[in-house]
Amino acid sequence: MKLSSVTNVIIDFIFPPFCILCGKETDKEYICTECKNKIRYIEYPLIEHDGRKFYYAITYYEDVIEKAIQKFKFGGVKALSITFADIFSEFIKNNNLPFDYVAYIPMTRRETLRRGFNQTYLIAREISKAFNKPLIRDIKKIKETKKQVELSRREREVNLKNVFKLSNEISGDLLIVDDVYTTGSTAREIVKTASKKCKGNIIFISLSRRVS
Ligand SMILES: [Zn+2]
């Protein structure tokens, strides 16, 4: 490991003595218990089930989760990947969702350079460690796309058509993790790509769902 990456790990994963959302002192957590208790979990988290394809979202994209995701993605608080992975782990165990591999939503090289990291990769990496299941890194994003936020539902689908590519076969059940589920265009497109090479179940889980 190079010295620069060691320093990065220390900076990213140092335990803050305070909650990153409200500033209150915490004990080894990035979000305090009081803020965590405000997270609203979706009562019926299964969004869609189509054969061996399953789509879930865990929480509502609002309040604490929205702020935390913003801090994670745009504020670069990478250590939140641990807190988010804990939420996924609890959900996976409670809903008894077995899987053999874990994957994330890939970004193009340009997108990764712009943000500095891929947030769903960081979460998937923690889940991979927690369950001791291999992380699949060969789903690639092969085209630059427009920002989904600025597009209508129909435009989002066109924008994402055939943007993902998976070359190798996957034997077993695949978990794909995402941070925010909006119209489901990304979810359906990546699941479609994965299902061509993966013969097992494909379980797509988003940390949160934007419900407008
Ligand atoms: Zn707090």
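The rules behind the values
- Residues numbered from 1 in each chain as written.
- Predicted model: local features only at pLDDT ≥ 70, side-chain atom pairs only at ≥ 80, totals over all residues.
- Heavy atoms only, no water.
- Helix = DSSP H or I, 4+ residues; strand = E, 2+ residues; numbered from the N terminus.
- Rg over C-alpha atoms; globule rule 2.2 N^0.38 Å.
- Buried < 20%, exposed > 50% of the residue type's maximum accessible area, 1.4 Å probe, protein only.
- Contact = heavy atoms within 4.5 Å.
- Areas by Shrake-Rupley, 256 points an atom, 1.4 Å probe, with all protein chains shown as cover.
- Lys, Arg positive; Asp, Glu negative; His and termini not counted.
- Charge placed at Lys NZ, Arg CZ, Asp CG, Glu CD.
- Donors = N, O, S within 2.8 Å, 3.2 Å for Na, K, Ca; no water.
- Tetrahedral: all angles 85-135°; square planar, octahedral: opposite > 155°, others 65-115°.
- Pairing = 2+ DSSP bridges.
- Axes fitted to C-alpha atoms, helices over the stretch in contact; angles between N-to-C directions.
- 1 Å grid on protein atoms, 1.4 Å probe; cavity = no way out; pocket = protein on both sides within 12 Å on 5 of 7 lines; lining within 4 Å.
- Points joined across faces, edges and corners; volume = space filled by probe spheres on them.
- Nonpolar A, V, L, I, M, F, W, Y, C, P; charged D, E, K, R; others polar.
- Phe/Tyr/Trp six-rings, centres within 6.5 Å; stacked < 30°, edge-to-face > 60°.
- Lys NZ or Arg CZ within 6 Å of the ring centre and 35° of its normal.

A. Seen up close, the overall build of the protein chain. The helix and strand tally for the protein chain stands at eight helices and seven strands. Relative to its length of 212 residues, the protein chain is compact, with a C-alpha radius of gyration of 17 Å against a globular reference of 17 Å. Each of the three principal axes of the protein chain carries a C-alpha extent, and together these read 45 × 45 × 35 Å. When the 212 residues of the protein chain are sorted by exposure, 46% land in the buried category. Pairs at least 24 apart in sequence give 69% of the contacts found in the protein chain among residues at least 6 apart. Total accessible area on the protein chain is roughly 11,700 Å²; 51% of this is exposed by carbon and sulfur atoms. In the protein chain, which carries 38 positive and 26 negative side-chain charges, the distance between the mean positions of the two groups comes to 6 Å.

B. Inspection of the coordination of the zinc ion at higher detail. Cys19 (SG), Cys22 (SG), Cys32 (SG) and Cys35 (SG) make up the full set of protein donors to the zinc ion, lying at 2.3 to 2.4 Å. Between the four donor atoms coordinating the zinc ion, the angles at the centre fall across 106 to 114°, so the site counts as tetrahedral. Binding-site remark: the zinc ion is held by donors from one chain whose sequence spacing is C-x2-C-x9-C-x2-C. Here Cys35 lies in helix α2 (residues 33–36) and Cys19 lies in the loop between α1 (3–13) and α2, a separation of 16 residues in the sequence. With respect to class, Cys19 is no different from Cys35; both count as buried.

C. Quick peek at the sheet that holds strand β1 (residues 46–50). Sheet architecture is open: five strands sit in the order β1-β2-β7-β6-β3, paired in mixed fashion. The open sheet has two edge strands with one neighbour each: β1 and β3 (101–104). Going across the sheet, the axis of each strand differs from the next one's by a mean of 20°, ignoring polarity. As paired elements, β1 and strand β2 (residues 53–60) share four bridges and run antiparallel to each other. The partner of Glu48 across the bridge, within β2, is Tyr55.

D. Inspection of the layout of surface pockets at higher detail. Counted as a void, the largest pocket has a volume near 1,000 Å³. Lining the largest pocket are 36 residues, and of these Lys73, Arg115, Gln119, Gln148 and Val149 lie nearest its centre. Going through the elements one at a time, α3 (63–73), α5 (109–115), α6 (119–131), α7 (153–160), β6 (174–181) and α8 (185–197) are the ones with two or more residues in the lining of the largest pocket. Sort the elements by how many residues they give to the lining of the largest pocket and β6 lands first, with four residues. Taken together, the residues of the lining of the largest pocket sort by class into 13 nonpolar, 11 polar and 12 charged.

E. Region of the structure containing the side chain of Thr193. Topologically, Thr193 is positioned in helix α8. Apart from the residues lying within four places of it in its own chain, the contact partners of Thr193 are Phe164, Lys165 and Leu166.

F. Region of interest: the packing of aromatic side chains. Summed over all chains, the structure comprises six aromatic pairs. Residues Tyr55 and Phe204 carry aromatic rings whose centres are separated by 6.1 Å and whose planes lie at 40° to one another, so their mutual orientation is tilted. Remark: Phe204 occurs in strand β7 (residues 202–209) and Tyr55 occurs in strand β2; sequence separation between them is 149 residues. Put simply, the rings of Phe72, Phe84 and Phe117 pair up and form one aromatic cluster. For the cation-ring pair, Arg40 lies above Tyr60, with the distance from its terminal atom to the ring centre recorded as 4.1 Å.

G. Expanded view of unusual backbone geometry. In the Ramachandran plot, Asn132 falls in the positive-phi region, its phi being about 55° despite a non-glycine side chain. With respect to the element layout, Asn132 can be found in the loop between α6 and β4 (139–141). On the basis of relative accessibility, which here comes to 70%, the residue Asn132 falls in the exposed class. Phi angles above zero are rare outside glycine, and Asn162 is one such case at about 55°. Summarising the element assignment, Asn162 is placed in the loop between α7 and β5 (164–166). Take Asn162: its relative accessible area is 40%, and that puts it in the partly exposed class.

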